[in-house]
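# Close look at the chain arrangement
Given next are the chains, with one letter for each unit.
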Amino acid sequence: MVFVEPHYFDILKLSDFLIFSHTKLISDRRVAARLLLIWALLLLPTTAVVGAELNITQNQLPVNLGPYLDYFEDPAREFTIEQMTADTVNWQRSTQSIPTLGLSKSAHWFCLILSGENMFDENLVLALDTPVIDRVEFYFVQGNTVIRSSLVGDTIPLSQLDYPYRIPIIPLEIADEGEQNKIFFRATSSVGVEIPLTLTTVSLLAEQQQSELVFNGALMVLFLFCFCISLILYSFIRDSLFFGVTVFFGAALMFFLAQTGLGRIWFWPESTEANTRLSLVAASGLVASLCLIGRSLRFEYRYRDSANIVLRFLTFSMIPLGLYYLIIPFQQITSDNVLPIMIIGLLTAFIVLIMASITAIQGSKAAIYLVTSWVLIILAYSSLLVYKFELVERAASSSLIGELLAIGAGIFMLMAMAEFIRSKSDELSDARMETKAKGDFLKNVSREFLTPVHLILSNSKRLMAAQSDRLDEATVQHMTTVITQSDHLHNLINDLLEMAELESDSFEPKFELVEMSQFLGEVKNLMSPSIMEKGLELQTQFASANLLVQTDRSRLQHILINIITNAIRYTEKGSILLAYKAIYFQRRLGIEIIIQDSGRGMSEEFQQILFQEFSREHHDSEKDPQGTGLGLVIVKRMIEKLGGEITFESQKDAGSKFFIRLPLRVIHS
């Protein structure tokens with residue numbers, strides 16, 4: 001049986017008794033008038049007695065205590081339990097099943113009077129089903145004396161709690177029959193105050209919480225899985241959309257760990273600040289992720305650049321904001337600095353929803369899933385904000401609804417990623433076909449050009465050799481220009497053919513075992529005439545003999561000749577070094593071939609673009625830059641086809657040094 005007695009019940013009984021007795025004994029009108037005055041005064045509202053008594057029987061458990069709470073707001077947080085029990089407080093009756101007081105800097109006092117029947121053998125507890133509330137101080141009072149107190153909240157280490165659990169649980173011993181349990185408690189929190197207080201037993205609470213723990217655990221596993229998937233995809237694809245989704249799932253995982261109290265059990269049981277700080281840092285990360293995803297959307301609209309500028313600013317502003325929540329003194333985290341991140345998050349979600357909607361209208365299937373995901377995110381976020389802003393009372397199912405919406409949003413976001421990958425795969429397939437067609441066209445055209453260019457070059461050289469003494473100076477100069485430009489065009493066509501072959505699917509290196517000392521000796525002999533003609537010296541330095549390397553002999557020879565030719569071209573005096581040594585490359589044995597010259601080196605600006613197509617460095621002593629600008633690009637791609645890498649060191653007017661690293665054995669995939 002549950003009943004509530006009004007606070008003036010005892011006064012009414014007393015006044016009725018006084019009127020009855022005195023009207024029987026006294027007939028004087030003046031005395032009767034005085035008694036009526038006393039009766040009226042006794043009926044006046046008083047604030048001296050706490051408002052409600054709740055009597056509970058065993059079969060009524062669990063009982064929601066929210067509607068039976070009296071509360072009092074303490075804006076200055078200065079009232080003590082002694083003042084609250086002094087019968088001088090203006091209590092107000094709660095009209096909500098879960099008293100919802102929103103973001104407030106005030107302390108809130110609550111009071112309840114309990115009594116029970118046949119409850120002595122029950123293991124009773126008061127359960128406050130809100131994992132995120134800074135501090136709640138319970139006081140159990142008999143008369144005006146505090147007989148016991150208990151401190152709970154997510155700022156209290158688990159080792160200091162009577163029941164170390166993800167939500168506050170306070171043991172309760174019911175008073176003897178004819179006596180009452182008067183309970184006062186004070187709640188303070190920087191992220192909102194909601195009081196879902198329930199009287200239950202340990203066994204009933206464990207049964208109720210079991211399903212919630214399974215659900216929350218599954219939620220954590222889902223978000224961890226989504227985070228890992230998106231991180232793997234980003235590591236391979238390197239698209240801004242996947243980076244934004246990775247940040248979203250990482251921040252969401254951290255946010256739910258704090259909001260469900262599971263992180264407090266698993267990771268930071270003794271921390272007094274982690275739940276609040278990590279919730280706010282995770283909220284900053286969520287806002288940043290929304291901005292990153294919004295910026296990754298590609299659509300045509302006149303305000304697109306302006307929206308991207310706003311989102312870029314918000315993205316970078318979340319970094320100092322997250323650091324602010326980490327380093328600010330905990331006492332200074334209040335509703336004043338929590339409210340802005342909530343409003344910014346909601347506005348950002350609406351901006352990205354509009355951008356995703358425009359992208360979907362313009363034909364992006366991935367954006368359709370993003371729009372659905374964003375609607376669910378906004379609904380989930382709104383379900384949190386409406387009671388944080390005291391717009392509605394928090395319902396018992398609010399957390400479950402928000403988590404289900406978040407799960408739906410995460411699933412649709414994964415579907416958006418899958419659709420994005422599918423569309424990119426189609427685009428890549430189309431691009432490969434287009435590239436192959438262009439490559440085939442380039443090879444065919446280059447071969448057609450190569451024959452006439454070769455004829456022009458050879459005939460021009462033959463004419464110069466046979467008729468040079470009969471030609472005047474102007475004609476010789478013109479013929480020299482023809483030969484030079486024809487030679488340049490011949491080399492360019494050869495390089496284009498080489499590039500087309502490297503990029504075609506048909507390119508397959510022919511691997512064989514090559515003994516490096518003998519092989520590099522052959523390269524030295526091939527290059528000796530050019531080196532001697534320039535007046536240079538080619539030195540060799542082999543660290544070991546009989547070192548066998550599995551590689552493509554002709555391709556590696558082409559690579560070394562190309563680099564040595566460049567060294568000869570840009571070295572006026574001195575020497576060129578050709579060396580090799582065994583190294584540990586890519587976690588296995590390999591070889592490092594070194595080509596070093598004492599030439600003029602490269603500027604820092606040119607070093608940044610050395611391996612880009614058609615990049616050439618112009619020197620003051622040259623009218624036109626030498627080479628086609630494709631040689632080193634071909635070298636780099638060819639080395640990568642052989643399973644190796646190329647790096648270099650260079651300094652202006654101090655020479656260059658190239659390092660070619662290859663595995664000793666090629667692992668075929």
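Since this is a predicted model, take the numbers as computed values, not measurements.

### Comments concerning the overall build of the protein
Each helix and strand counted, the protein has 16 helices and 20 strands in total. Contacts spanning at least 24 positions in sequence make up 76% of the contacts within the protein whose residues lie at least 6 apart. Total accessible area on the protein stands at roughly 35000 Å², and carbon and sulfur atoms take up 58% of it.

### Side note on unusual backbone geometry
Of note in this structure, Arg 238 is not a glycine but carries a positive phi near 60 degrees. Along the polypeptide, Arg 238 turns up in the loop between helix 4 (202-237) and helix 5 (240-260). At Asp 653, a position not held by glycine, the phi torsion is positive, near 65 degrees. Relative to the helices and strands, Asp 653 resides in the loop between strand 19 (645-650) and strand 20 (656-663). The class of Asp 653 is exposed, set by a relative accessible area of 61%.

### Focus: the nonpolar core
Grouped together as the largest cluster of nonpolar side chains are 72 residues, with contacts concentrated most on Phe 223, Leu 370, Trp 374 and Met 413. Of all the secondary structure elements, the ones that give two or more residues to this core are helix 4, helix 5, helix 7 (274-296), helix 8 (304-327), helix 9 (335-361), helix 10 (365-388) and helix 11 (398-467). Setting aside anything within four residues of it in sequence, one finds Met 413 in contact with Val 245, Phe 248, Phe 249, Ile 293, Leu 370, Ser 373, Trp 374 and Ile 377. Among the nonpolar cores identified, the runner-up in size contains 41 residues, and Tyr 580, Ile 591, Leu 642 and Ile 660 belong to it.

### Regarding helix 16 (residues 631-641)
For helix 16, every residue scored as buried is listed here: Gly 631, Leu 632, Val 633, Ile 634, Val 635, Met 638 and Ile 639. Just past helix 16, the residue Gly 643 takes up positive phi, approximately 85 degrees.

### Brief notes about the packing of aromatic side chains
Within the structure shown, the criterion is met by 20 aromatic pairs. Consider the rings of Phe 72 and Trp 91, whose centres lie 6.4 Å apart with planes at 65 degrees: the pair is edge-to-face. With Phe 72 in strand 3 (residues 70-74) and Trp 91 in the loop between helix 3 (81-84) and strand 4 (92-93), the pair connects residues that are 19 residues apart, well separated along the chain. A residue is classified by how much of its surface remains accessible, and Trp 91, at 17% relative accessible area, is buried. With centroids separated by 5.9 Å and ring planes inclined at 70 degrees, the aromatic side chains of Phe 223 and Phe 249 adopt a geometry described as edge-to-face. On the criterion of sequence distance, the pair formed by Phe 223 in helix 4 and Phe 249 in helix 5 is long-range, its members being 26 residues apart. The exposure class of Phe 223 is buried, given its relative accessible area of 2%.

Calculation rules
- Residues numbered from 1 in each chain as written.
- Predicted model: local features only at pLDDT ≥ 70, side-chain atom pairs only at ≥ 80, totals over all residues.
- Heavy atoms only, no water.
- Helix = DSSP H or I, 4+ residues; strand = E, 2+ residues; numbered from the N terminus.
- Contact = heavy atoms within 4.5 Å.
- Areas by Shrake-Rupley, 256 points an atom, 1.4 Å probe, with all protein chains shown as cover.
- Buried < 20%, exposed > 50% of the residue type's maximum accessible area, 1.4 Å probe, protein only.
- Core = buried A, V, L, I, M, F, W, Y, C linked by side-chain atoms within 4.5 Å.
- Phe/Tyr/Trp six-rings, centres within 6.5 Å; stacked < 30°, edge-to-face > 60°.

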